[in-house]
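Architecture at a glance
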2 protein chains.
Amino acid sequence: LTFFLFSFFQYLLSWQYMIKIITVKSKDSLIPYLSRAKNDLAEAIFQVIPILEDVKKNGDIAVRNYTKKFDGIELKKVSFDPKELVSNLTQEQKQAFEVAKKNITEFHKLQLQDGVEKEISGNRLGFKFTPMERVGVYAPGGKALYPSSVLMGAIPAKLANVKEVHLFTPPGEDGNVPDSLIYAAQISGIDRIHLIGGAQAIAAAGYGTETIPKVDFIVGPGNRYVAAAKAYLSGIGQIGIESIAGPSEVFIIADETANPEWVACDLLSQAEHGEDSVAILACTSQELATNVSNEIEKALRTRTKRKEMKEAAIYNNSAIFIFSNIDECIEFSNEFAPEHLEIITKNFEKDFEKITNAGSVFLGSYSPVAMGDYITGTNHVLPTAGLCKIYSSLGVDNFRKRITYQEVRKDSLKNLYPYVKILSDLEGLDEEHGTSVLVRTL
Amino acid sequence: LTFFLFSFFQYLLSWQYMIKIITVKSKDSLIPYLSRAKNDLAEAIFQVIPILEDVKKNGDIAVRNYTKKFDGIELKKVSFDPKELVSNLTQEQKQAFEVAKKNITEFHKLQLQDGVEKEISGNRLGFKFTPMERVGVYAPGGKALYPSSVLMGAIPAKLANVKEVHLFTPPGEDGNVPDSLIYAAQISGIDRIHLIGGAQAIAAAGYGTETIPKVDFIVGPGNRYVAAAKAYLSGIGQIGIESIAGPSEVFIIADETANPEWVACDLLSQAEHGEDSVAILACTSQELATNVSNEIEKALRTRTKRKEMKEAAIYNNSAIFIFSNIDECIEFSNEFAPEHLEIITKNFEKDFEKITNAGSVFLGSYSPVAMGDYITGTNHVLPTAGLCKIYSSLGVDNFRKRITYQEVRKDSLKNLYPYVKILSDLEGLDEEHGTSVLVRTL
């Protein structure tokens, strides 16, 4: 009996600690996963406003005070020219950055759209693209350094011909710029490094200080307070941002051709980002679901770094859904609108055609998300929490704007005047709007 | 003596009531005009949050209550299918809308960018564009109706293949949809009209109610509370917006070839929008400056509609700057980053090449802003308050997003794995990120 009870207890435990497997009978079971946290920033916004106002008013002094308060460090020097710094990376490490840079550059060049001009109703109409003048890249610091994000932010900006790119990153414990960030900054063309983190960095970027110039636009991931500062300052038009970054997500659509071990690795590699990460598998086979779940358990026993974080993400936020066919998986994925989407199916190309909402998509068996995170060339700064329904991955177009223009010809002006008169009459703007056209017809 | 005093008094008065003419000796004289109001929404945001929360929680009932409270009307019916409404416009009025539609459609088609695919480092990388599913167009109501803005919002959305476009507009005094809005909605493909205005309309659009579906994105001008609601809800990721609309602006660069009467008309037509409008002339000739000022005075005496509004805008917010050459005018314009820019110079084409920041540009003597407002085909929903340094006019691209994708090949995966290993090591993400690639190389 003791043995039986013990086994039963063990069973309960193991049941409790496994990824949820949900056989989808109705859409109701999907709703909790669709309405995932929108990274509700309201509270954090109220907390950061005093910091933003302080930096706006008191500039460098306020920035130094917050660095002392939040990072516990008194800096001798805040701003650096990356060209004057030396990075102690190995040759192999440097080469890895070089390969990443080459691929990111080649991919992002594809996004450089040309201007267009056309005669329409007798007038010459067109648009051209011009770069922003000065932008910021934020890179989080502390335990998790993301030098790869420096490349993802700065390379598209430089391809767009932005004049100055400024890196904002919290100081390391020794008050220096970490080696990997120095090298990433150097090869991606960062013009200036500022050792500031948190909401105070976004405030310095948005308002400028005595020593830090205001930037037009700032990109890159950060913690809750960085996100709140970005949301608020972009909301009031003080700075542009790419979109608000929430917890990272992967969604995998897989059929029976998928390798369960590989799928488990991909789910876990998302979980490795943080305990709030979300990893979803949508498949059509109970067998695959069970095998993937077993592979996850095996991996969690053998690969134990960041174990609590990974378990929290997998057991609390993640799930395996079993649908009756791939089209249902695709439909759920489109509603979920994942940051990262893997399609590991026989007909992944056809299945991809049906995808309407996703940040970055990974096709077939040999395309784990980690390849895009680091080396293939696509951008890993992506909308989360369903925001890829409206926003795109970071790209060259974030750093340029379209200026439309027109040359109206005298004949066309005469022909079109009656319509301007009618439409401006309807809007009560006939007197000056109408007259400004009329005087040119006389 | 009495006569002398009287004349002197008159002189003072007339001096007081003329557009400011500033001969630029140093950049200091420009600063007050550069730092124009960023439409500071902080206060309005705090005022609208309770309304947004109420609509989120109580849906249709809350919307009806606010319509009663703010618009003073109890609606029998809130939502309409435009196909079921009849518009009593004249044939001429209808034709004016049709011509505008044709030109707007033709111009915005030029913005439909195609996807691209390329082999990079042995992998297949690309991006494709997909439309948003459901968007909203906001049109202000009350005394100033803007049916033209309905076309500017809905036509690019429909060209982008957005499935559903919803029009939000405050009810007229009789509780009906105004004729001009009905027709604009019909020809621009609006799927549903909701008679709601103000912050409660943005809340209904962002959260959805029992009868109004949530939209992904909402565009169009509105009052301070509409702008605040858009800023807040986009900041927290609940809805996408184009950019925050502030007071309208025109900037005119003119040399001695410009016709002073026409320039005066264009400045006044901007002033006609509201007392907070901004109209700037940057020129190189004292004579032109004086003549334009005189033409403005003449016009204000003869064309008296909206007189107080126009005078407030011209005398309080506007100015004529005299520079020593056109390049200085251009430099000021680029720093100002105007919503509308007219270049009325001998070499307007060459001068335009130097323009880096502007929303919509009007070239030569026959291109008053009013032509673009109504009929040529360019979009009149534009960033204000210097935001064209980072944002563009409304266009097809606002309603689509770019999905990037990649198919990694097995050989390339093997070749690139060492770099992924190195980079993920540096970020402390080697265990799962590295492994997810490693297992596929074995």
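Remember, predicted model here, so these are calculated numbers, not experimental data. (Residues numbered from 1 in each chain as written. Chains lettered and ligands numbered in written order. Predicted model: local features only at pLDDT ≥ 70, side-chain atom pairs only at ≥ 80, totals over all residues. Heavy atoms only, no water.)

1. Describing the sheet that holds strand E7 (residues 192–194) of chain B
Residue and element names in this part refer to chain B. Spatially, E2-E7-E6-E5-E8-E9 is the arrangement adopted by the 6 strands of the open sheet, whose pairing is mixed. Pairing within the sheet leaves two strands with one partner each, and these edge strands are strand E2 (79–80) and strand E9 (240–241). Looking at chain direction, E2 and E7 are connected through 2 bridges and run antiparallel. Across the sheet, Phe80 pairs through a bridge with Ile193, a residue of E7. (Pairing = 2+ DSSP bridges. Helix = DSSP H or I, 4+ residues; strand = E, 2+ residues; numbered from the N terminus.)

2. Some points on the sheet that holds strand E14 (residues 360–363) of chain B
Spatially, the 9 strands line up as an open sheet ordered E3(A)-E4(A)-E15(A)-E14(B)-E13(B)-E10(B)-E11(B)-E12(B)-E1(B), and their pairing is mixed. Edge positions in the sheet fall to strand E3 (116–120) of chain A together with strand E1 (20–23) of chain B, since each has one partner strand and no second. Across the sheet, the mean angle from the axis of one strand to that of its neighbour is 20°, orientation sign disregarded. Taken together, the 8 bridges between strand E4 (residues 123–131) of chain A and strand E15 (residues 400–407) of chain A define a ladder with antiparallel strand orientation. Note that in E15(A) the partner of Pro131(A) across the bridge is Arg400(A). (Axes fitted to C-alpha atoms, helices over the stretch in contact; angles between N-to-C directions.)

3. A look at the environment of Met309(B)
Residue and element names in this part refer to chain B. Among the secondary structure elements, Met309 is positioned in helix H11 (residues 307–317). A sequence separation of 88 residues divides Met309 from Asp397, and the C-alpha atoms of the two residues are 35 Å apart. When neighbours within four sequence positions are excluded, Met309 is seen to be in contact with Ala271, Glu272, His273, Gly274 and Glu275. (Contact = heavy atoms within 4.5 Å.)

4. With respect to the interface of chain B and chain A
Interfaces are often sized by the amount of accessible area the parts lose when they come together. Counting from both sides, the interface comprises 133 residues of chain B and, opposite them, 133 residues of chain A. Counting each side, the surface lost to burial between chain B and chain A is near 11,900 Å², with a carbon and sulfur contribution of 58%. Here chain B and chain A share 16 salt bridges between them. In this structure, the salt-bridge partner of Lys310(B) is Glu431(A), at a minimum N-O distance of 2.6 Å. Seen at the junction of chain B and chain A, the total is 72 residue pairs in polar contact (both at pLDDT 80 or more). With 11 residues, helix H4 (residues 91–109) of chain B is the single largest residue contributor to the side of chain B that touches chain A. Grouping the constituent residues of the side of chain B that touches chain A by class yields 62 nonpolar, 38 polar and 33 charged. Inspection of the sheet shows strand E14 (residues 360–363) of chain A paired to strand E15 (residues 400–407) of chain B by 3 bridges, in the parallel sense. For Phe362(A), the partnering residue across the bridge sits in E15(B) and is Gln406(B). (Buried area = accessible area lost by both parts, 1.4 Å probe. Salt bridge = Lys/Arg side-chain N within 4 Å of Asp/Glu carboxyl O. Polar contact = N/O pair within 3.5 Å; in protein donor to acceptor, adjacent residues only side chain to side chain. Nonpolar A, V, L, I, M, F, W, Y, C, P; charged D, E, K, R; others polar.)

5. With respect to unusual backbone geometry
Even without a glycine there, the phi angle at Ser121(A) is positive, about 50°. Relative to the elements of secondary structure, Ser121(A) occurs in the loop between E3 and E4. A relative accessible area of 31% means that Ser121(A) is categorised as partly exposed. Located in the positive-phi region is Asn161(B), a residue other than glycine, with phi close to 80°. Looking at the element boundaries, Asn161(B) is found in the loop between helix H5 (147–159) and strand E6 (164–168). Here Asn161(B) falls in the exposed class, since its relative accessible area comes to 57%. (Buried < 20%, exposed > 50% of the residue type's maximum accessible area, 1.4 Å probe, protein only.)

Such coordinate-based values are descriptive only and should not be taken to indicate function.
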